[in-house]
Amino acid sequence: MFRAPLRSFATQARSSLKIGLIPADGIGKEVIPAARQAIVALGSDIPKPEFINLHAGWETFTRTGVALPHETVEILKSECDCALFGSVSSPSRKVTGYSSPIVQLRKELDLYANVRPVVSVAPNAGEQPAVDLIVVRENTECLYVKQEQQIDGPNGKEARATRLITERASRRIGQMAFELAAARARKHLTIIHKSNVLSITDGLFRETVRGVPALTGKYSDVTIAEQLVDSAVYRLFREPEVFDVMVAPNLYGDIISDAAAALVGSLGLIPSINAGDNFVMGEPVHGSAPDIEGKGIANPIASIRSAALMLRHLGYTKGADRLDVAVDQVIREGRYLTPDLKGTSTTQEVLDAVLGKL
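Residues numbered from 1 in each chain as written. Predicted model: local features only at pLDDT ≥ 70, side-chain atom pairs only at ≥ 80, totals over all residues. Heavy atoms only, no water.

An unreviewed UniProt entry annotates the protein as Isopropylmalate dehydrogenase-like domain-containing protein originating from Ephemerocybe angulata. What UniProt records for the protein under Sequence similarities (unreviewed entry) is the sentence "Belongs to the isocitrate and isopropylmalate dehydrogenases family." (UniProt positions renumbered as here; feature names shortened; annotations may be inferred.)

See the structure below:
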């Protein structure tokens, strides 16, 4: 699994590690508790974990009229060292007063980078995986600023959305992507865009990211490539080995990372972190999966791996490595796999198998 550190915070001498837990909706309420147990099992490899249970999501909205309570944000800012977020069941239709809590959280905490490693498990320990790439997704802009309007025009209803790309956001996501690429063996970065059509917005993103080495005086050893987003998806399925680190605006990064998950078997395997300069929040890439909610068969691996990413970002590499190695062993053995991986195991059975490897 992904081993290179991100822009790690300096590891402070902590007696405890305060972790906000936001299961939110659907299977988030099943996989976040599993990640919690995995963190506790690390023992002295990390500071003593203290968990703070917090609320957010569609179910919270239906109860209270607010999807992201102010209290949740304030506790994360004032009391927590990091957090884990489960999944959210945002409706596909417009609901007055509702806004996605995970999108809002990223903005409230300035978690401008969503980092999603996509790595297959090699048949034998120590072998090079067939797929080994990282999608670095800008987390605060693009169409996710959610500025939409609908009017009546000469052709009936007309809907428009504002797409925001700024130099500042593009520069800092570009710098994080270069940092990751520079830390990897291949030192290769692909900028994903569609500037042949969106020449102004994607053009700004492309030019700003390309300009990071000149601006910083660093990363001369990183090879820079470009790929149009549609052909990037095609190449992901045909020749994923050409990619190392991919950096993209918000929407493209969301789509590409979900597509890449198919290369390794399931969204239930793919972790991520939402990272800023002062906070990090782990988040499995999968959604709330209402079709399997409550059945006890949700795959906990993405959440456990997200916990490992979070710990590594905080500088606790020994504990993070233990989680990743344990998960890889369980997948490699193939005895305990949930139905998304064509197995018959339950969430608890997979968790117990991982805990048994720690």
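On we go.
**Observations regarding unusual backbone geometry**
Note on backbone geometry: most residues besides glycine have negative phi, and most peptide bonds are trans. Although it is not a glycine, Lys146 sits at a positive phi angle of roughly 60°. Relative to the helices and strands, Lys146 is located in the loop between β5 (132-138) and β6 (148-153). Residue Tyr219 is not a glycine yet carries a positive backbone phi of 70°. (Helix = DSSP H or I, 4+ residues; strand = E, 2+ residues; numbered from the N terminus.)

**What to know about the pattern of salt bridges**
Under the definition given, this model contains 26 salt bridges. Salt-bridge contacts for Asp110 lead to Arg172; the nearest nitrogen and oxygen are separated by 2.7 Å. Residue Asp110 is found in the loop between α4 (101-108) and β4 (113-119), and its partner Arg172 is found in helix α5 (residues 167-182); the two are separated by 62 residues along the sequence. Using a relative accessible area of 14% as the deciding quantity, one classes Arg172 as buried. Two residues, Asp221 and Lys187, come together in a salt bridge whose shortest N-O distance is 3.8 Å. In this pair, Asp221 is assigned in the loop between α7 (212-216) and β9 (223-228) and Lys187 in the loop between α5 and β8 (188-193), connecting sequence segments 34 residues apart. Residue classification places Asp221 among the partly exposed positions, given a relative accessible area of 43%. If you follow the salt bridges from partner to partner, you end up with Arg116, Arg137, Asp254 and Asp258 in one network. (Salt bridge = Lys/Arg side-chain N within 4 Å of Asp/Glu carboxyl O. Buried < 20%, exposed > 50% of the residue type's maximum accessible area, 1.4 Å probe, protein only.)

**Thoughts on the packing of α5 against helix α6 (residues 201-210)**
At a closest axis distance of 8 Å, the pairing of α5 and α6 adopts a crossing angle of 45°. Accordingly, the angle class assigned to the pair α5 and α6 is oblique. As for how α5 packs across α6, the hand of that crossing is right-handed. When α5 is examined against α6, the residues Glu167, Ser170, Arg171, Ile173, Gly174 and Phe178 are found in contact with a partner set consisting of Leu204, Phe205, Thr208 and Val209. Among the residues forming the contact of α5 with α6, the class breakdown is 5 nonpolar, 3 polar and 2 charged. (Axes fitted to C-alpha atoms, helices over the stretch in contact; angles between N-to-C directions. Parallel < 35°, antiparallel > 145°, perpendicular 65-115°, else oblique. Left-handed = near helix turned anticlockwise from the far one by under 90°. Contact = heavy atoms within 4.5 Å. Nonpolar A, V, L, I, M, F, W, Y, C, P; charged D, E, K, R; others polar.)

**Observations concerning the sheet that holds strand β1 (residues 16-24)**
If you trace the 10 strands from one edge of the open sheet to the other, you get β2-β1-β3-β12-β11-β4-β5-β10-β8-β9, paired in mixed fashion. Since the sheet does not close on itself, it has two edges, and those belong to β2 (48-53) and β9, each with one partner. Direction aside, the axes of adjacent strands within the sheet are offset by 25° on average. Of the pairings in the sheet, the one linking β8 to strand β10 (residues 245-248) comprises 3 bridges and is parallel in character. Considered in β10, the bridge of Leu189 is made with Val245. On top of the sheet, helix α9 (residues 250-261) reaches β4, β5, β8 and β10; it is set at about 155° to β5, its chief contact. (Pairing = 2+ DSSP bridges.)

**Here's the deal with helix α8 (residues 229-238)**
The set of residues buried in α8 consists of Val229, Ala232 and Leu236. Across the axial projection of α8, the buried residues extend over an arc of 45°, all falling on one side. What points out from α8, more than 90 degrees from its buried face, is the exposed set Tyr234 and Arg238. (Arc of directions from axis to C-beta.)

**Describing the layout of surface pockets**
The volume enclosed by the largest pocket comes to roughly 990 Å³. The wall of the largest pocket is formed by 36 residues, among which Ser90, Pro91, Ser100, Lys146 and Glu148 lie closest to the centre. The set of elements that each furnish at least two residues to the lining of the largest pocket consists of β3 (82-87), α4, β6, β7 (156-161) and α9. A class-by-class count of the residues in the lining of the largest pocket yields 14 nonpolar, 11 polar and 11 charged. (1 Å grid on protein atoms, 1.4 Å probe; cavity = no way out; pocket = protein on both sides within 12 Å on 5 of 7 lines; lining within 4 Å. Points joined across faces, edges and corners; volume = space filled by probe spheres on them.)

**Side note on the side chain of Arg305**
Position of Arg305 among the secondary structure elements: in helix α10 (residues 301-313). Take Arg305: its relative accessible area is 2%, and that puts it in the buried class. A polar contact of 2.9 Å, which involves the side chain of Arg305, links it to the backbone oxygen of Leu269. (Polar contact = N/O pair within 3.5 Å; in protein donor to acceptor, adjacent residues only side chain to side chain.)

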